[in-house]
Each structure stands twice: as C-alpha cells, then as structure tokens.
Amino acid sequence: MATENQTKVAEATSEATGASVVTRFAPSPTGFLHIGGARTALFNWLFARHHGGKFLLRIEDTDRARSTNAAIDAIIDGMQWLDLDWDGETVFQFARAPRHAEVAAELLAKGEAYRCYLTQDELAAMRAEAQEKRLPFRVRSPWRDRDDGDPSVPHVIRLRAPQDGAATIADKVQGDVTVQNAELDDFVLLRSDGTPTYMLSVVVDDNDMGVTHVIRGDDHLNNAFRQLALIRSLKETGGNWREPIYAHVPLIHGADGAKLSKRHGALGVDAYRDEMGYLPEAVNNYLLRLGWGHGDDEIIGRAQATEWFDLAHVGRSPSRFDFKKLENLNGHYLREADDARLAGLVAPRVEKLVGRPLDGLDRDLLTRAMDSLKPRAKTLDEIADGAIFLFQPDPLPVDEKAAEVLKGSPEGLLAAVTERLRGLNDWTIEELDAAVRAEAEAAELGLGKLAQPLRAALTGRTISPGIFDVLLLLGRDVSLARLDAAQHYPAGA
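Residues numbered from 1 in each chain as written. Predicted model: local features only at pLDDT ≥ 70, side-chain atom pairs only at ≥ 80, totals over all residues. Heavy atoms only, no water.

### Some points on the pairing of strand β6 (residues 166–171)
The test is simple: Each residue gets one of three labels from its accessible area relative to the maximum for its type: buried under 20%, exposed over 50%, partly exposed in between, using a 1.4 Å probe on protein chains only. By the criteria applied, helices consist of DSSP H or I runs no shorter than four residues and strands consist of E runs no shorter than two, each listed in order from the N terminus. Pairs of strands are assigned from DSSP output, requiring at least two bridges between the strands.
Every second residue of β6 is oriented toward a common face, the buried set being Ala167, Ile169 and Asp171 and the non-buried set Ala166, Thr168 and Ala170. Inspection of the sheet shows β6 paired to strand β7 (residues 175–180) by six bridges, in the antiparallel sense. By the bridge assignment, Ala166 is partnered in β7 with Gln180. From the end of β6 to the start of β7, which pair antiparallel, there are three residues.

Right, here's the structure in full:
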C-alpha cells in the first residue's frame, strides 16, 4: 500500500510532467539554508517560472543521523522568506526508500547491477594499494563477473558501470564535458542494510518527479556522470527513464577568491534577515547577480528577473561575495520599501535597543519617521539605531561626541532657540525652519553651527535625520523638555 507521502509524490509528479520545464531544489536538512543553496534555489525557481514550468522542493533526508526537523524548518522558512514558492507537496526522500530499493532490484534482475561481497578490510587493502601506486581509488570488484555469492551473507548492490568508451554531457553552463567511462567505478546502489545511497535516490526521484533540468553547483559535476551511467543502465531495464538537461553553476567564493566560508558570509539566510537586517528582495537581487548578468543592469526586480533569466548568461567562473554590494542594494530596496512594512520589521529591533515594547502610538511614530530614517540607511539595524532617539526616556542618554558638542555650544544659544521655539503657534516644518534660521541669523551663526547643538540636545547624538524632521517627529512637548534639560548639561557634566 502506498504511503501518504508516496501518494503526494505521485500527485506532484502527475502535475509536473505535464509542464515543458520542471526544476527542483533538493537540499540536505543537516543544517541551515546556506546562501549558496539559496542561489541554487533562486536559479531553479527563475528558470521554471520563466518557461511557465514547475519548480519542486525535495528534502534529501536520507542521512538519518544528521538530518533534523529543525534544519527542515529552517530550509522551508528561508525559502518562504525569499518568496521562492514551490509547486505541489514537499517531497521527503527518505519516505521513498522502498521505491529506490525496488529500482535496484530491477537493475539486479536485468544484470545491470550485481551483489558485491567485498569486506571492509578488502576495500581498505584496495584503497591502500591505489594510494601506494598514486592512482585514484576506483572499486573494481571481483564479484562483478561472479554469481556464486550467498544472498543471505551481508553484501551491497553495485552498478555494473560501463568500462569502455566515454560519456559527454552537454552542460548548459560548462559546455560539453567528456569523461572516459574507465574513470567510473561500480558505485554502491544499496548498502548492506538495504538502504539506498544518495546516487540511486537522486536518479529515481528526479525521474519520478518529472525533472527536466538539473541546475546545481558545479561540485556535483562528477556526480552527473555517475548518475548518467545509472540512467542509461535503467534504460536497459525498460521503462521511460529520461536523461535530464544539466547545468552546473560555479560555486560562490569569498571576496578574497578563497572558498566561501563563514567569515565570507557562508551563513544561513536567516542570519541575513535576523542578524544583519537585509530585505529578501535585496538578497534575491544580489544572489541573481552572483554568476548571472543582463548587461550592466544591477537593480533587477522579481518580475524583470523572471522575464530575463536564462542559463546562457550564467558565467563559468566562480563569483565573489561582496558585502558592500549587498549593502548598497539593500539600501536601494529600503528606500523603495513601504513605510508601514519597514516599521513592522524595525520595531522589534528598536524594542531590543530601548529595552521596552512599543505600543500602537510608538509604531505609528516609527512609521511616520521612515521617510527621514531610511534615506541613508543600508540595513534594518541602521534604521533601528537611527530611530532610538524617538523612544528613549528622560533623562536622554548623551554619547561622548554629543556631550562635547553641548559643552562647546556658545553660552545662552540653546536657551535662546528654545524660547523662540516655545513661542511658535504652529509646530510645522515651515515654522520650525523659519524659527531656527532666524535664531542662527540673530546669533550670527551658520545654520549648521546651531543645528549641531540642537541635534545633540534632542537626540543625544551628532548624527540624526534633518533637525527639522527631528523636531517635528518628537513634537512640541518632548522637544522643549529635552532642550530645557540640555541647557544644564554642561554644568552637570
């Protein structure tokens, strides 16, 4: 009887095979959704959507010792945050193990695979001999041409791989790549405990899910030749086994050209969201440009990316991860983002900084402040840091640079501008602008010379949004209270 998961796979397959293009993303749930994996998912998603095809998600959870539910949740959460929706149900590879074993049995029955009784000690001796001769280790089992083994004795099932001739893959990124069949070994299909290997599971699942294009990192290029040998052996058993179109994308490197590591940015996409404050549209845009290009275009939204994306413009050289470029893109998308949405994303960060929850009025104020806060920010954290002056209690904390500004302010200057502001009938940008400029002229100072002590008094910092925006956002009562308090700061410092 088919399991519920197998039924769902069949339903997804029936939908997928009706499309001209079917791609898949097949992560292993042994950790977070790596940024390189996110790019692979994006490329598969864009290629499928560009062609009006299907994009499928398969969790390759056959490594039971390392696969975790937390990792599965993190992968799905990352996909959803990046808005990479998939068609049909999520496929879990481990649930399909009986199907994989069934295929191995068919290969065995047709003579395309064989039982191998090599022990671990014998394999170790073969490996040592290859190392001594400085040759690559490839299993050449004496059981390949024997049929006198006892099936009740522990053994594995190996593919009877071709040993003569060559195989060529017309890779859509790498071009034609040829490997001599003599370089392939008789790899294991079923382990001695009857569980399928990765190589068998991938081929069976890709076929059953109707996958037409396998788009993945070029670290899988060698696997492609083993999988192709398996597919061609399966063709000999009968059935509609198809060879997918391959596209192996160069891996992402760090800015220094070395293999991408945590110090370069090889983190989970959740870190880009939660710890670094990036927007998903910025991460998508940046990942798109890591290895793919459309002329000189840098800002490419989802709709445009879907229209333009192809495999022909994926480069053959590794891309270098550059946080500065990502930050610049994020700054662009922050400026374009809806203010209410940004306020919702920034609010938890502000709460953490000020140590208290924001109420409805606070969130309304944060939304109104976005026009002033987001122009120079490059991350959500920078917006939150720039917003804390709005929500800090009295007495207002004053940083070291602001304290120096207040101490150096001409005597009586803050008192004079405070009284001029206190006399305003309307607390509007126009009235505030006129009052501050009038006081600067009366004091024979440039506007900047007056704005700096005002900024220090109102925000406790030397960097903030425009001073008139600060006065307007804080409102009359808070602004005047802070200005009154600041007049006594130097004496009490």
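### Quick notes on empty space enclosed by the protein
We count it as follows: With a 1 Å grid spanning the protein atoms alone, the term cavity applies to any set of points in which a 1.4 Å probe fits but cannot get out, the term pocket to an open set with protein on both sides within 12 Å along at least five of seven lines, and the term lining residue to any residue with an atom within 4 Å of a point. Grid points are joined across faces, edges and corners, and a volume is the space filled by probe spheres set on the points. Here the term charged refers only to Asp, Glu, Lys and Arg, the term nonpolar to Ala, Val, Leu, Ile, Met, Phe, Trp, Tyr, Cys and Pro, and the term polar to all other amino acids, Gly among them.
For the coordinates displayed, the defined rule picks out one cavity of 30 Å³ or more. Quantified by volume, the largest cavity comes out at close to 100 Å³. Val202, Val203, Asp206, Asn207, Val211, Gln227, Ile231, Trp241, Arg242, Pro244 and Tyr246 together form the lining of the largest cavity. Mapped onto the lining of the largest cavity, the elements with two or more residues apiece are α6 (198–208) and α7 (221–236). Residues belonging to the lining of the largest cavity are distributed by class as follows: seven nonpolar, two polar and two charged.

### Digging into the layout of surface pockets
Which parts of space are left empty comes out when a probe the size of a water molecule is rolled across the atoms. For the largest pocket, the calculated volume is near 1,000 Å³. Around the largest pocket sit 36 residues that line it, and Ser28, His34, Gly37, Asp219 and His220 are the ones nearest its centre. At the level of elements, β1 (22–25), α2 (35–50), β9 (213–217) and β11 (252–253) are the ones that each hand at least two residues to the lining of the largest pocket. Per-element tally for the lining of the largest pocket: the top contributor is α2, with five residues. When grouped by side-chain class, the residues that make up the lining of the largest pocket number twelve nonpolar, 14 polar and ten charged.

### Points about unusual backbone geometry
The amide bond that connects Asp394 to the next residue, Pro395, takes the cis arrangement and shows omega of -5 degrees. Note on placement: Pro395 falls in the loop between α14 (380–387) and α15 (400–408). Phi angles above zero are rare outside glycine, and Glu444 is one such case at about 55 degrees. Mapped onto the fold, Glu444 is located in the loop between α17 (429–442) and α18 (447–459).

### Examining the sheet that holds strand β8 (residues 188–190)
The condition that has to hold: In this analysis, axes come from line fits to C-alpha atoms, helices being fitted only over the stretch in contact, and the angle between any two N-to-C directions falls in the range 0 to 180 degrees.
On the basis of which strands lie adjacent, the open sheet formed by three strands has the order β4-β5-β8 and antiparallel pairing. Both edges of this open sheet fall to β4 (113–116) and β8, since each of them pairs with a single strand only. Going across the sheet, the axis of each strand differs from the next one's by a mean of 45 degrees, ignoring polarity. Sheet topology note: the strand β5 (residues 156–159)/β8 ladder contains two bridges and is antiparallel. Looking at β8, one finds that Arg158 is bridged to Val188.

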